[in-house]
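Coordinates in review
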Amino acid sequence: MTKPTQRLTTPPAPLAGDAGLTFFSTWRVGTPERQQAAVDAIARAWESRPWPHEGLLSYSVYEGVDGSTLMHHSQWRDEQAHQDFFAQGRDERIAEIDAAVPGVERLGLTKTGHHRSVTAGASRAGVPRVYTTVELDAPGAGSGKALADEVLSAWAGASGLVAAHAYLGTDGGRVFVYGEWEDGNGGGEDGDGEAVPAVEGAVRRYRFAFGVGPR
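Report on the accompanying structure. (Residues numbered from 1 in each chain as written. Predicted model: local features only at pLDDT ≥ 70, side-chain atom pairs only at ≥ 80, totals over all residues. Heavy atoms only, no water.)

This brings us to the overall build of the chain. Looking only at helices and strands, the chain has 4 helices and 9 strands in total. If you list the helices and strands of the chain from N to C, you get β-β-α-β-β-α-α-β-β-α-β-β-β. Across the chain, contacts joining residues at least 24 apart in sequence account for 76% of those joining residues at least 6 apart. For the chain, the exposed surface amounts to about 10100 Å²; the carbon and sulfur share of it is 50%. (Helix = DSSP H or I, 4+ residues; strand = E, 2+ residues; numbered from the N terminus. Contact = heavy atoms within 4.5 Å. Areas by Shrake-Rupley, 256 points an atom, 1.4 Å probe, with all protein chains shown as cover.)

Put into structure tokens, the structure is as follows:
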């Protein structure tokens, strides 16, 4: 049965344990004007249509504070659901978005499973305003969890942190961590995240734009 699409005003909670997969991808759009146009086009394309597949659990978009990027965050029931969705052919939503904002650079997709999360605790919990991400290479078998735990441990003590979530790439070679922060700096004066450990990987900052899910 086809379900309508509804807007989400906050990011979805991480999927529990091994339940489902979480995908992250980045688009480069170039300017703040094109960034806003892309967000508007994505919202129109999704909210004007029924929910596309029962195996897609949520889809969220974040605006890069650099004014030139977007991060896409989708949650899927499993890999088969993802494959079934794209086996239907090129999604008409993508065609509509590309027509509205030509020349979007799609910088790759990271498929992950949720590893674990840390929170600031009830006494320090606030409302997230900025989200920081770091994507890292896992150099060897079994190193991903240790690397993810290193980042989580460092961010856990940083001022303004609400929560941080670590994900491991399904190919075993990538680690993706994002943090939710109360303040506009995302844990650092210049946006680099004051408590991010000295590991290879660029830290990026985003603001939540919108999300959608099945009603």
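Picking up after the structure, the text goes on.
Right, let's talk about the pattern of salt bridges for a bit. Counted by the stated rule, this structure contains 12 salt bridges. Between glutamate 96 and arginine 49 there is a salt bridge; the shortest N-O distance is 2.8 Å. Taken together, the residues glutamate 96 in helix H3 (residues 92-100) and arginine 49 in the loop between helix H1 (32-47) and strand E3 (56-64) connect sequence positions 47 residues apart. Classification of glutamate 96 as partly exposed rests on a relative accessible area of 29%. Linked by salt bridges that have partners in common, Arg49, Glu92 and Glu96 make up one network. (Salt bridge = Lys/Arg side-chain N within 4 Å of Asp/Glu carboxyl O. Buried < 20%, exposed > 50% of the residue type's maximum accessible area, 1.4 Å probe, protein only.)

Looking now at the pairing of strand E2 (residues 21-28). Burial within E2 is extensive, with 7 of its 8 residues counted as buried. Bridge count between E2 and strand E5 (residues 105-119): 6 bridges; the pairing is antiparallel. Counterpart to arginine 28 in the pairing with E5 is glutamate 105. (Pairing = 2+ DSSP bridges.)

By convention here, two paired aromatic rings are described through the distance between centres and the angle between planes. Scanning all chains against the criterion turns up 12 aromatic pairs. For the ring pair tyrosine 62 and phenylalanine 208, a centre distance of 5.5 Å and an interplane angle of 70° mean the geometry is edge-to-face. Of the two residues, tyrosine 62 sits in strand E3 while phenylalanine 208 sits in strand E9 (residues 203-214), which places them 146 residues apart along the sequence. Classification of phenylalanine 208 as buried rests on a relative accessible area of 18%. Both rings, one in phenylalanine 85 and one in phenylalanine 86, keep their centres 4.8 Å apart while their planes meet at 85°; by these two values the pair is edge-to-face. Under the relative-accessibility criterion, phenylalanine 85 is labelled buried at 7%. By relative accessible area, which is 45% here, phenylalanine 86 ends up partly exposed. Aromatic ring contacts, followed pair by pair, group Phe23, Trp76, Phe85 and Phe86 into a single cluster. (Phe/Tyr/Trp six-rings, centres within 6.5 Å; stacked < 30°, edge-to-face > 60°.)

Right, let's talk about the nonpolar core for a bit. Side chains that are nonpolar tend, in soluble globular proteins, to be buried together. By size, the foremost hydrophobic cluster in this structure holds 24 residues, and its most contacted members are Ile42, Trp46, Tyr59, Leu70 and Phe210. At the level of elements, E2, H1, E3, strand E4 (69-76), helix H2 (79-87) and E9 are the ones that each hand at least two residues to this core. Sorting elements by how many residues they give to this core places H1 first, with 7 residues. Once you skip the residues sitting within four places of it in the chain, phenylalanine 210 turns out to touch Arg7, Leu8, Val39, Ile42, Ala43, Ser60 and Val61. In this structure, Leu136, Leu147, Ala148 and Ala166 belong to the second largest nonpolar core, which totals 18 residues. (Core = buried A, V, L, I, M, F, W, Y, C linked by side-chain atoms within 4.5 Å.)

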